[in-house]
Amino acid sequence: HAKEAGRNQVAIFRAEHEVQRKRGSHVEQVLRAAKLEEELYVLFQPIVDAHSRQLIGFEALARWNSPVLGQVFPSEFIPIAERSDVIHAVTRSVMNKAVAQASRWPAQISLKVNLSARDLSPPRMLELLEQFEHSGFDAARMSFEVTETALGSLDMILDTVALVKTKGIALAVDDFGIGYSSLSYIHKLKPDLIKIDRSFVSRLGKNDGAEAIIETIVAMSRNVKASCLAEGVEEEAQIDALEALGCDQLQGFAIGYPMSGAEALVLIETGEKPPSG
Ligand code: C2E
Ligand code: MG
Ligand code: MG
Ligand code: MG
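Nothing here was measured: the structure is a model prediction, and the numbers come from that model.

Rules and cut-offs
Residues numbered from 1 in each chain as written. Chains lettered and ligands numbered in written order. Predicted model: local features only at pLDDT ≥ 70, side-chain atom pairs only at ≥ 80, totals over all residues. Heavy atoms only, no water. Salt bridge = Lys/Arg side-chain N within 4 Å of Asp/Glu carboxyl O. Helix = DSSP H or I, 4+ residues; strand = E, 2+ residues; numbered from the N terminus. Expected span 1.5 Å × (residues − 1). Buried < 20%, exposed > 50% of the residue type's maximum accessible area, 1.4 Å probe, protein only. Near = heavy atom within 4 Å. Polar contact = N/O pair within 3.5 Å; in protein donor to acceptor, adjacent residues only side chain to side chain. Areas by Shrake-Rupley, 256 points an atom, 1.4 Å probe, with all protein chains shown as cover. Donors = N, O, S within 2.8 Å, 3.2 Å for Na, K, Ca; no water. Phe/Tyr/Trp six-rings, centres within 6.5 Å; stacked < 30°, edge-to-face > 60°. Contact = heavy atoms within 4.5 Å.

Enquirer: Just checking my understanding: could you explain the pattern of salt bridges for this structure?
Expert: Oppositely charged side chains are able to pair whenever their charged atoms sit close together. Applying the stated rule across the entire model yields 15 salt bridges. Where aspartate 85 meets arginine 124, a salt bridge forms, and the shortest distance between an N and an O atom there is 3.8 Å. Residue aspartate 85 is found in the loop between helix H3 (74–81) and helix H4 (86–102), and its partner arginine 124 is found in helix H5 (residues 122–135); the two are separated by 39 residues along the sequence. The structure contains a network of salt bridges with shared partners spanning Asp85, Arg118, Arg124 and Glu127.

Enquirer: Help me out: how do you make sense of helix H7 (residues 154–166) in this one?
Expert: Side chains three or four residues apart in an α-helix point the same way, a direct result of the helix having 3.6 residues per turn. With 13 residues, H7 extends 18 Å from end C-alpha to end C-alpha; this agrees with the ideal 18 Å at 1.5 Å per step. Taken as a whole, H7 has its buried residues at Leu154, Ile157, Thr160, Val161 and Val164. Remark: glycine 168 follows H7 within two positions and exhibits a positive phi of approximately 85°.

Enquirer: Where do I start with the site of ligand 1 in this structure?
Expert: Lining the immediate environment of ligand 1, one finds 22 residues, of which Arg63, Ser116, Asp174, Glu234 and Phe253 sit closest. Side-chain polar atom of asparagine 114 to an oxygen atom of ligand 1: 3.0 Å apart, as the coordinates give it. Between ligand 1 and the protein, one listed contact pairs an oxygen atom with a side-chain N or O atom of aspartate 175 at 3.1 Å. Compared with its free state, where it exposes 790 Å², ligand 1 has 85% of that area covered by protein.

Enquirer: I tried to follow the coordination of the magnesium ion (ligand 3) on my own but got confused; where do I start?
Expert: Around a metal, the perfect tetrahedron of four donors has angles of 109.5 degrees, and the perfect octahedron of six donors has angles of 90 or 180 degrees. Listed as protein donors to the magnesium ion (ligand 3) are Asp174 (OD), Asp175 (OD) and Glu231 (OE); their distances from the metal cover 1.7 to 2.6 Å. Counting the intervening residues between successive donors of the magnesium ion (ligand 3) yields the motif D-D-x55-E. Between the magnesium ion (ligand 3) and the magnesium ion (ligand 2), the interatomic distance is 3.6 Å, and aspartate 174 donates to each metal, bridging them. By relative accessible area, aspartate 174 is classed as buried at 5%.

Enquirer: I tried to follow the packing of aromatic side chains on my own but got confused; where do I start?
Expert: For any pair of aromatic rings, the description consists of the separation of the ring centres together with the inter-plane angle of the planes. Inspection of every chain in the model, using the stated rule, returns 6 aromatic pairs. Relative to phenylalanine 58, the ring of phenylalanine 44 lies with its centre 6.4 Å away and its plane at 85°, an arrangement referred to as edge-to-face. One end of the pair, phenylalanine 44, is in strand S1 (residues 40–49); the other, phenylalanine 58, is in strand S2 (residues 55–66), with 14 residues separating them in the sequence. Accessibility assignment for this pair places phenylalanine 44 and phenylalanine 58 in one class, buried. Connected via pairs of aromatic rings, a cluster forms that spans Phe44, Phe58 and Trp105.

Enquirer: What should I look at first to understand the side chain of serine 84 in this one?
Expert: For serine 84, the position within the fold is in the loop between H3 and H4. The class for serine 84 is buried, based on a relative accessible area of 9%. Apart from residues no more than four positions distant in its own chain, serine 84 is found in contact with Arg32 and Arg118.

Structure representation (structure tokens):
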């Protein structure tokens, strides 16, 4: 019986794998044919200063409303877009839409946009920067977020990073702590902001060393003169803990869910948050 159960398990695993593979290539096909300008939209998640609790900016998060597939989350379609050049159209569209909304915000409110590894080639970055300059949005209010894993080897990206810095756009390292960057890597990269991955925040108070890890990341940020943001703040108790650990900025459901551009404007103007995510 054990043997038979084992065979069944393998069959089930293969079948699931096949379903996923088919879904992936279907999504890719639909994405390639999609009218991205119409179907993509952007939500904005608020970021606050950890000490004053004042709103200081928003991160733009892509959403895809496909007439064929319905709502697709970025965790599904971004990795698929990254397999091909479609990612460039996605990044361009998200940046343009986000900047258009952010242009209505007061000058002290900043904007963060996520980039993919493939956006970091010098020709692609030049294209993006040219588009950004066209918008007239103040570069001092703009950040590009790149995940620690997407950054890759320093030789490959240092020219691109220099280009971004010359324009006055800030660089944030996203999901920090789950990749493999060394202290010397971060030291040479000189990011403006380090975003601590939410897995560490969710482990606060669980007695498994998350506090020590966050303290270490905060100390490293100070060393390279970067600010430090805690992602995925879901509970009130975490807010005080993270401030005490030295985090400069906070982002997460306890601060605010991702919201529409219109809702972001209401939050800026009245301090009122939309009911929920
Ligand atoms: P990210 O850049 O780390 O963005 C934060 C993600 O965490 C968002 O998921 C956000 O909704 C979610 N989040 C925020 N606060 C909390 C919290 O308190 N608890 C939990 N459990 N989750 C929280 P989302 O919008 O599904 O995006 C997922 C990822 O997809 C992003 O992670 C980012 O890596 C990528 N992504 C989103 N938009 C874009 C884009 O325009 N371009 C690229 N290249 N990647 C994008
Ligand atoms: Mg991000
Ligand atoms: Mg992040
Ligand atoms: Mg993340």
